[in-house]
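Structure assessment
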Amino acid sequence: MAARNSVDIESGKEELSANVVQYENAGPLTEAEKALRWKQDKRIVPLSAGIYFLCYLDRSNIGNAKIMNATTGDDLMTQTGMTNYQYTISLMIFLVAYGLFEVPSNILLKRLRPSRWIAFLMFAWGALTMGLGGVRSYAAVTVVRFLLGVFEAGLFPGLVYYLTFWYKTEERSIRVAFILASATLAGAFGGAIAFGIGHMNQAGGLSAWRWLFIIEGIPSCLSAFLVWFLLPDYPETAKWLTIQERDLAVQRLHVEGSKGHHKAMTWADAKTTLVDWRLWGHYLVYFGISVPFSSLSLFTPSITAGLGYKDLEAQLMTIPPYAVAYVVQVLASWSADHFNARGLHSAAMATIGAVGFLASAVLPADAYASRYGCLIVAASGAFACIPPLLGWLSSNIFSTASVGLAIALNIGLGGAPGQIVGVWIYKADEAKAGYPTGHWTNAALLFMVAVGCVILRIYYARRNRKISGAGNGEEVRLFKY
């Protein structure tokens, strides 16, 4: 197919699958492109990262509430009468809702405009987080957590999908990293915030864990109004760009980007995406990384409490693992995009994370300092391999509708089941033994992630050789690595 043959995939003029398509040599960015991209970055990346920061803060604060002021009986578990098993169920039910509603949410994001849909989700999950401050029973916690999962489900896959409307394939992983890294910042700040709010115990007659939910839910509700007005939808409609900048933004994504004016999902799009087996390889890999991501997100306070730290000190000691992971995540993602080596970077980071968990599992339970260092290594490796994986997936899907579905399926079919597994592996009765089941499980799955990434990398290299060989001198679009 000639490079100059324009293919309007979404209008149905030519069905596009993961085969030969037109390719435009990117080459070095022009000064105009650099200026445009920087202008987009200033508007989109901080806002998107801030949104996910609040989302993650509201999702994971239940882990802080579980142990907050436990020695005085003023913690979530004691005051709601929950057992450890019931607490795990309340975590799992959130993830069940999360998995069920990711695909519908991504479809609605395209139909209703990103700014409107994301603002609605924000306000809803903020209100529900505040509602957790009033729960008094296991049933109430479970119901509210399920609803929280419904409204938080669409955010992360929605933001990854949203970036495909604005950025080229080699520009996405680092921006996904900045967004996802805000979750590691939320983990760090969450521990610091919990440490401070822990001193508010019985202020106004409320336990500190209730104040934690109320105080952390308010910013999401208020920020939703800012998102409604400030989050740009698509380059084609961005009034803060000049006409020339809008034209350039659309032109540079002619081949690689999603299009705001394209129609939403059809059954033909869905069928093509669902039967593409290579995508299921991505989903399996993402399942493997989702287990440590989930377990660390929810159980880091409990893990640090099992390392000899108590109550508010345990909250404070959750900060260093997240802080280090933030830096490693951003650097690894920049490198993955720069060298077009997303798969190998993810494999390397997964291996590092696996070694950290493996060492934690084999060290004596009372080797607190060494195991705390291993926790930092494990968190850094586990978190750092996620953005390149997501950038890799979105870079190798070639239509607007398909990329939205594939991202949602990746996080819904791969991520949600993995996160459900993650809530069960750190067993409360293994705290004194150092949580061996959790560490061994995470180590094994991260080694699986590393192997899966290498296999996908080899597969794409072979496909590219075949595509290049069949090109007859014509330019073709190749798969990214």
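See the structure shown above.
Heads up: these notes are all about the structure in this document. What you see is a predicted model; the values in this text were computed from it and never measured.

**Description of the pattern of salt bridges**
- On inspection of all chains with the given rule, the structure shows twelve salt bridges.
- For the salt bridge of K480 with E170, the shortest nitrogen-to-oxygen distance reads 4.0 Å. Of the two residues, K480 sits in the segment after α18 (436-469) while E170 sits in the loop between α6 (155-163) and α7 (172-197), which places them 310 residues apart along the sequence.
- Since its relative accessible area comes to 14%, K480 is described here as buried.
- Residue D276 is joined to R278 by a salt bridge in which the shortest nitrogen-to-oxygen separation is 3.1 Å.
- Taking relative accessible area as the criterion, D276 reaches 17% and is therefore assigned buried.
- The buried category is assigned to R278, whose relative accessible area is 3%.
- Residues participating in the shared-partner salt-bridge network are E33, R37, E171 and R252.

**Structural notes on empty space enclosed by the protein**
- Taken as a whole and assessed by the stated rule, the structure comprises nine cavities of 30 Å³ or more.
- Computed from the structure, the second largest cavity encloses a volume of approximately 100 Å³.
- Counting residues per element, the ones that place at least two in the lining of the second largest cavity are α1 (31-67), α7 and α11 (277-305).
- Among the residues making up the lining of the second largest cavity, the classes are represented as five nonpolar, nine polar and one charged.

**Notes on the nonpolar core**
- Counting residues in hydrophobic clusters, the biggest one holds 129 residues, and the most contacted among them are Y52, F156 and I289.
- Among the elements that take part in this core, α1 stands out by supplying 13 residues, more than any other.
- Non-local contacts of F156, meaning those with residues more than four positions away in its chain, are made with Y52, Y98, V176, I179, L180, Y286, L390 and I411.

**Things to note about unusual backbone geometry**
- Backbone geometry at N69 places phi at a positive 55°, although glycine is not the residue there.
- Along the chain, the position of N69 falls in the loop between α1 and α2 (76-80).
- Positive phi, close to 50°, is recorded for N340, a residue that is not glycine.
- Among the structural elements, N340 can be located in the loop between α13 (319-338) and α14 (342-362).
- The class of N340 is partly exposed, set by a relative accessible area of 29%.

**Description of the side chain of R175**
- The topology assignment puts R175 in helix α7.
- According to the relative accessible area criterion, R175 is buried, its value standing at 9%.
- At 2.8 Å, the side chain of R175 forms a polar contact with the side chain of D41.
- Here R175 is in contact with R37, D41, V45, L163 and Y167, once residues within four sequence places are set aside.

**What about the packing of aromatic side chains?**
- Counted according to the given criterion, the structure contains 23 aromatic pairs.
- Where W209 meets F213, the ring centres are 6.0 Å apart and the plane angle is 85°; that geometry is what we call edge-to-face. A residue pair is termed a helical-turn pair when its members lie 3 or 4 positions apart in one helix, as W209 and F213 do in helix α8 (residues 208-230) at four residues. When sorted by exposure, W209 lands in the same class as F213, which is buried.

Conventions and cut-offs
Residues numbered from 1 in each chain as written. Predicted model: local features only at pLDDT ≥ 70, side-chain atom pairs only at ≥ 80, totals over all residues. Heavy atoms only, no water. Salt bridge = Lys/Arg side-chain N within 4 Å of Asp/Glu carboxyl O. Helix = DSSP H or I, 4+ residues; strand = E, 2+ residues; numbered from the N terminus. Buried < 20%, exposed > 50% of the residue type's maximum accessible area, 1.4 Å probe, protein only. 1 Å grid on protein atoms, 1.4 Å probe; cavity = no way out; pocket = protein on both sides within 12 Å on 5 of 7 lines; lining within 4 Å. Points joined across faces, edges and corners; volume = space filled by probe spheres on them. Nonpolar A, V, L, I, M, F, W, Y, C, P; charged D, E, K, R; others polar. Core = buried A, V, L, I, M, F, W, Y, C linked by side-chain atoms within 4.5 Å. Contact = heavy atoms within 4.5 Å. Polar contact = N/O pair within 3.5 Å; in protein donor to acceptor, adjacent residues only side chain to side chain. Phe/Tyr/Trp six-rings, centres within 6.5 Å; stacked < 30°, edge-to-face > 60°.

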